[in-house]
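# Coordinate analysis (summary)
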Amino acid sequence: MGGMVALVLVILIFVAVSKTIRIVPQGFEWTKETFGRYTSTMEPGLHILVPIYHSVGRKMNMMEQVLDVPSQDVITKDNAVVRVDGVVFYQVLDAAKAAYEVANLNQAVLNLIMTNIRTVLGSMDLDESLSKRDEINARLLKVVDEATHPWGVKCNRIEIKDIQPPQNLIDSMARQMKAEREKRANILEAEGLRQSAILKAEGEKQAAILAAEGKREAAFREAEARERSAQAEAKATEMVSQSIRAGDINAINYFVATKYVDALRAMVGAPNQKIMLLPMEATGVLGSLAGIAELAKTSIETQLAAKPVPKPGSRDGQV
């Protein structure tokens, strides 16, 4: 009998000590209640409670927590149905508010995020919802963080994991992208052909300009050569005329000989002439050529006689 009493006393003492000495682990905060009423928050460490008078209320996790947002069907602004899921990162900052301001914190946060996902995506077109993930995340985070602030909770990040359109819409988008790529390829090919044609035309233009410039230069030089030839012919005719007026018979021989030689050259160069009959004496031709030589000799002597003789004291006379 005495052993049973001692055992009961030991059990009572152990229960009393366990209710009196409480250790809060790191990363958690516990609420302390007095007869069921919240009085204070116990931070990590050793705490002494009065049994029956004090009790532990809620054990709140103060570390950052992750919740998976279940997938749901959402109708966009252009009446496209997409399936959306996500993930949220939140942290409890005030243990008392998180314990007593909302009954089920995790369920409340999930429902709040899911309703706001429908609201945000419902105000956007399908193309916007697929291309503006950052804008969707920012709008969700702003709304949910403001809504959870009275609960003592801070939402750090909300990320949309996947936005999945129906299969028929995916096939239509694939066909559209293929058509866009083919369109861009055709445009690039046409642009290349156009640029090639322009470059080819520019090259032909430059070639034509250069050819015209060459012909112009050749015509100019040919005209210049004809002009010089005409000047030389006029000079020779003038010299022959002066010699004839002076009574020099060799000038006449020169004139006749040159015309004779030109006529022979023309006859020889004609393509339809095969046989030539020359009823002339060769001595007459030789005489005309001798007259040409005599005329040239006389012209040289006349030029030397007309040249002034330099004086002995001049610079031209010095050797």
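Scroll up for the structure.
## A look at the overall build of the protein chain
- A count of helices and strands for the protein chain gives eight helices and eight strands.
- Within the protein chain, the proportion of its 319 residues that are buried is 22%.
- For the protein chain, the proportion of contacts with a sequence separation of at least 24, taken over those separated by at least 6, is 61%.
- Carbon together with sulfur atoms contributes 59% to the accessible area of the protein chain, which is approximately 22700 Å² in total.

## So, helix α5 (residues 133–148)
- Between its terminal C-alpha atoms α5 stretches 22 Å, which fits the 22 Å expected from 16 residues at 1.5 Å a residue.
- Those residues of α5 that fall on the buried side of the exposure criterion are Ile 136, Asn 137, Leu 140, Val 144, Asp 145 and Thr 148. Each buried residue of α5 sits inside an arc of 145° when the element is viewed along its axis, so together they form one side. For α5, the exposed residues set more than 90 degrees away from the buried face come down to Asp 134, Lys 142 and Glu 146.

## Considerations on the environment of Ala 80
- Structurally, Ala 80 is set in the loop between β6 (65–75) and β7 (81–92).
- Classification of Ala 80 as buried rests on a relative accessible area of 11%.
- A C-alpha to C-alpha distance of 8.6 Å links Ala 80 and Leu 169, two positions 89 residues apart in sequence.
- Contact partners of Ala 80, with chain neighbours within four places excluded, come to Val 74, Ile 75, Leu 126 and Leu 169.

## Focus on the layout of surface pockets
- The calculated volume of the second largest pocket comes to roughly 180 Å³.
- Elements represented by at least two residues in the lining of the second largest pocket include exactly α4 (126–131) and α6 (167–245).
- Among the elements that line the lining of the second largest pocket, the one with the most residues is α6, at six residues.
- Tallied by class, residues from the lining of the second largest pocket come to five nonpolar, two polar and two charged.

Thresholds applied
Residues numbered from 1 in each chain as written. Predicted model: local features only at pLDDT ≥ 70, side-chain atom pairs only at ≥ 80, totals over all residues. Heavy atoms only, no water. Helix = DSSP H or I, 4+ residues; strand = E, 2+ residues; numbered from the N terminus. Buried < 20%, exposed > 50% of the residue type's maximum accessible area, 1.4 Å probe, protein only. Contact = heavy atoms within 4.5 Å. Areas by Shrake-Rupley, 256 points an atom, 1.4 Å probe, with all protein chains shown as cover. Expected span 1.5 Å × (residues − 1). Arc of directions from axis to C-beta. 1 Å grid on protein atoms, 1.4 Å probe; cavity = no way out; pocket = protein on both sides within 12 Å on 5 of 7 lines; lining within 4 Å. Points joined across faces, edges and corners; volume = space filled by probe spheres on them. Nonpolar A, V, L, I, M, F, W, Y, C, P; charged D, E, K, R; others polar.

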